[in-house]
Each structure stands twice: as C-alpha cells, then as structure tokens.
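# Coordinate analysis (summary)
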Amino acid sequence: MNFKSVLEQLNIRATCKQYGLGLWRCPQFLFLLMGLVIIVTALVTYFLGTRYVADPDTVSLIVLILTIILFVITFSMTRSLEGLAEASRLKSEFISIISHQLRSPLSSLKWALEILISGRFGKIEGKPADYLQILADNAKRMGELISSLLIVSRIEQGRFPLHKAGFSLINLAEEAIAEFKPVAIASNIEIVLETAKSNLPQAFGDSSQLKLVVENFIDNAVRYTKGAGKVAVAIAFQNDKLLFSVKDGGVGIPKEDQKHIFQKFFRSGNVLKYQTQGSGLGLYIAKSIIEKSGGKIGFKSEQDKGSTFWFTIPINKK
Amino acid sequence: MSKKILLIEDEASLQKALGDVLEQEGYKVIGVTDGEAGLKSAQAEIPDLILLDLILPKMPGFEVLKALKSDESTKDIPIIVLTNLESMGDIEKALELGATTYLVKASYTLEEVVSKIKKICG
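Chain B goes by Response regulatory domain-containing protein in an unreviewed UniProt entry.

Under an unreviewed UniProt entry, the name given to chain A is histidine kinase. Per UniProt, the comment on chain A under Catalytic activity (unreviewed entry) is "ATP + protein L-histidine = ADP + protein N-phospho-L-histidine." Its UniProt record, at the heading Subcellular location (unreviewed entry), says of chain A: "Cell membrane".

Spelled out as structure tokens, the structure:
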C-alpha cells in the first residue's frame, strides 16, 4: 500500500457514499472514530492519572464512560459489517434468481433457432442462414454466460457441493481435447497431449467440475494463440499430487495484469486488444473449484511469448 | 396408431417448439400449461409419455409427479422431467418420486430431447 492509497482510504466520506452508506453505518468512518476515541481515552487517562492522583474515583468514572462509548462504536461497527455481508448475500441471491429467470426465454430462443436452422419446416439458405447462425451462436454464448453466473452465485453463497470420487485425469483431458479439436484445427492450432497413458495414479475430486477447469485452460490457450501454433497439455505425478498443465505460445498476459488474473470479471488488456470473447469468470470459477478440491492453481506468462496454466489435485488413495 | 405425448409446460413458446417437432415426428401431442390441467388430462387421456416441467402454475410439478405415481391408472406412464432447475436435490427428489429421467432444458438441444423421447416412447 503506497501513500496515495492511504490518502484515498482516508477520503472516507467519498468511500462511504460510493457504497451508499450513511456515515454512522460506514465501517471505515466508525473505525477511524474508534481509533480517535482510543487515542483520546489514552491521553485523558494519562492526563487525569498524573494530575488527579488524589481522586481515583473521577478518573475511573471518566475512563469507564469512554470505554462505554468505545463499546457502542464497536457494536455499531459490527452491525454495519453484518449489513454489508447481508448485502453481498442478497446480491448473490439476486444473480441466481435473475439467471434462472433468464434461462426459460433463452431456452425458447435456442430451440426456435435450432428448428429454423435444422430445416425441419423449410430450408433457409444463403445470407439469411448466416444470420440465423449468428443468432444461434450468440444465444449459445448467452447461455454459457448465465451458467457461469449461476456457478459464481453458488460459490459465493457457499452452495457448491463437490461430489468427490476417484477418476482418470488423463481420460478427462483426452475428452476435453477432442471437444476443442474442431475449433483448433479451424485456426491452425495443434493440441497435443504430451503425457503417455502410463501408470499415472487416479485423481480424487469431482470430475464434472474439474472438467470445467480443464476445458477453461484449453479454451483460453486456443483463444489466445493468434495464428498457427501449438497447445501442449501435460500431466505429471509430483509430490504425491497430479500436476496438470496447459502451455501455449500465444499472446501472454501483460505483467501489470498478472496479479488480477483470477479475479471475478477481470479481463486483461490483451483481451480487449485481440477482441477475444469471454465473461471474465472462467479463471475465477477454476480457482474456486481447484481450491475446494484441495489443490493449487497458478500460471507463468510472458507477454508475446505465451502462458502456462497449471493446477494440482490430490490422488485417489482408496 | 400414433403414440400420445402429454406436454405439461407453462412456457408457450417452448410448448410450441417441442409440440411442432414431436408432431412432425409422428406423435399426437396434447399440450397443457398448468399442473392441475396436466393431472386431469393424464387421467383422462392415459398418454404413452408425459413431459413435465417443475415450475408450474396452480400445482407444482413435484406434486403432479407424486399424484400421477400414486394413481393406479397413471402410475406406469413414463415421465420425463424437463425443467431448468438443476440442483442435485431436485434431481434426486424427482427420480425418487418415480420420474424416468430428468433433463435440464438449458443443457440439451431440441434434437437431443427428441431423441431421448424416441428412446423411451419408441
């Protein structure tokens, strides 16, 4: 924290206004007030203690009153923090309700488009067919975004149970690679599984959730490889855990963006530069899943040279 | 004789899309938009298959499912739950109550839903 950010913190009125809180309900203000009262209490105690040694009753009484004031401030601070926690919970609940409500009309839209594109009730060709495909692609993207939002709201509400069991990480990687092959081939990108199907131990976790992470890594690697290139997927057994990694030779992540990469809705400067689509939720979800699975997640990246994203996961000991 | 499918779904556009495609596939489709009407038509028509949404006006899908499975005349009709609720709890509850299968609308294309119906209904 540098001096400027300390000053910004001190601009309490503006901060509290930003959160839509009155001064007496704003934790930052209450905290500052508490600090001041503590200092005043110390000074008063010192002053009275040295001056009025003969009258300890008055000194005690004043100290008692100041302590009560402190107690009241601490109490309202706790209340205000509770209020903020409640607001955050309501926000997650709101996202969850909205996302569910959006799903019904979106399903109708997707199915109607599917019928038109399938040509069941008359074939549509040429430019109109192209536009129908654009509609269908975007409906699909919207669906994926809503699914991501629902996962995020579940993570934040703590309603994100993992159904853990032993599974083959290499099979899962092969499935994910097969899914992305068509997109990769279309962009002249080769996805290679660099680990032979040897005697790797089974992984232990929720395979359907971990598949989301594996897909996210491969998806990102393919998206951010501009022009022809190679995406290398590898699995290693290391320190009693499985280490999964995806390496690309793509655009990389600028240094100043690296510390934010796992934040919700964060999108790197490169995303905007290369106009890549995405919600900024994938890596946030990946991190939550890996941490709940008892693993670690991380990356190494250099701008214009490429990135390697990795995670570790416990092995099945049963 | 063509097989009868009862479609209990309150979203009119979904009902139309699914109904049109199923009719084209040669099924006779009866569409209703609330739980009460769904239960009544099931008992009156005895369809070969029921597609059931869970969030429904008048009578929620879970209650319709329970009623259908406890009625002698309807308890053997296969029921596909077709909904956008996707929590493990809902899925387990529906299967426990006797649903044949559980499909989340958002995760399936219309063609996939139709091929599941064909598999169960023939």
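### A word on the overall build of chain A
Summing up its helical and strand segments, chain A has 10 helices and 7 strands in all. For chain A, the residues scored as buried account for 24% of the 318 residues in total. Nonlocal contacts in chain A, meaning residues at least 24 apart in sequence, comprise 67% of its contacts between residues at least 6 apart.

### As for the sheet that holds strand β6 (residues 297–302) of chain A
Whenever strands of a sheet pair, they do so through backbone hydrogen bonds, lying parallel or antiparallel. Residues and elements named next belong to chain A. In space, the 5 strands of this open sheet follow the order β2-β4-β5-β7-β6, with mixed pairing throughout. Sheet topology places β2 (189–193) and β6 at the edges, where each strand pairs with a single neighbour. In this sheet, neighbouring strand axes are inclined to one another by 15° on average, regardless of whether the strands run parallel or antiparallel. Summarising the sheet, strand β5 (residues 241–248) and strand β7 (residues 306–314) pair through 7 bridges and their orientation is antiparallel. Looking at β7, one finds that L243 is bridged to T312.

### Describing the environment of A184(A)
All names here are of chain A. Mapping A184 onto the fold places it in helix α6 (residues 169–186). Its 20 C-beta neighbours within 10 Å are what place A184 among the buried residues. Along the primary structure A184 and A221 are separated by 37 residues, whereas in three dimensions their C-alpha atoms are 9.9 Å apart. Beyond its immediate stretch of four places on either side in the chain, A184 contacts I189, E190, I191 and V222.

### A few points about the nonpolar core
Residue and element names in this part refer to chain A. By size, the foremost hydrophobic cluster in this structure holds 37 residues, and its most contacted members are L169, A173, V213, V214, I218 and V231. Secondary-structure elements contributing two or more residues to this core are α6, β2, β3 (203–205), α7 (207–223), β4 (229–238), β5, α10 (282–292) and β7. Top element by residues in this core is α7. It accounts for 7 residues. Beyond its immediate sequence surroundings of up to four residues, L169 is in contact with A203, I235, L242 and F244.

### Considering the confidence of the model for chain B
Summary statistics for chain B give a mean pLDDT of 92 and a share of 100% for residues scoring 70 or more. In the predicted complex, the global pTM is 0.69; the interface-specific ipTM is 0.88.

### So, the pairing of strand β1 (residues 4–8) of chain B
All names here are of chain B. Buried residues dominate β1, accounting for 4 of its 5 residues. For β1 and strand β2 (residues 28–32), the ladder comprises 5 bridges, and the chain directions are parallel. Residue pairing for β2: I8 is matched across the bridge by V32. With respect to chirality, the unit in which β1 leads through helix α1 (residues 12–24) into the neighbouring parallel β2 is right-handed. Sheet topology places β1 next to strand β3 (residues 49–52); 4 bridges connect them, and they run parallel. Across the sheet, L6 pairs through a bridge with I50, a residue of β3.

### Observations concerning the interface of chain B and chain A
Contact with chain B, which involves 12 residues of that partner, is made by 11 residues of chain A. Looking at the side of chain B that touches chain A, the elements with two or more residues in it are α1 and α5 (110–121) of chain B. The greatest single-element share of the side of chain B that touches chain A, amounting to 5 residues, is contributed by α1(B). Tallied by class, residues from the side of chain B that touches chain A come to 5 nonpolar, 4 polar and 3 charged.

### A word on the sheet that holds strand β5 (residues 101–104) of chain B
Residues and elements named next belong to chain B. If you trace the 5 strands from one edge of the open sheet to the other, you get β2-β1-β3-β4-β5, paired in parallel fashion. If you trace the sheet from one side to the other, it starts and ends with β2 and β5, each paired once. On average, each strand axis in the sheet is inclined to that of its neighbour by 20°, with strand direction left out of account. Of the strands in this sheet, β1, β3, β4 (79–83) and β5 touch α5, which is tilted by about 165° from β4.

What counts and what doesn't
Residues numbered from 1 in each chain as written. Chains lettered and ligands numbered in written order. Predicted model: local features only at pLDDT ≥ 70, side-chain atom pairs only at ≥ 80, totals over all residues. UniProt positions renumbered as here; feature names shortened; annotations may be inferred. Helix = DSSP H or I, 4+ residues; strand = E, 2+ residues; numbered from the N terminus. Buried ≥ 20, exposed ≤ 12 C-beta atoms within 10 Å, placed from the backbone. Contact = placed C-beta atoms within 7 Å. Pairing = 2+ DSSP bridges. Axes fitted to C-alpha atoms, helices over the stretch in contact; angles between N-to-C directions. Core = buried A, V, L, I, M, F, W, Y, C linked by C-beta atoms within 7 Å. pLDDT = per-residue confidence, 0-100. Right-handed = clockwise from strand over helix to strand, strands pointing away. Nonpolar A, V, L, I, M, F, W, Y, C, P; charged D, E, K, R; others polar.

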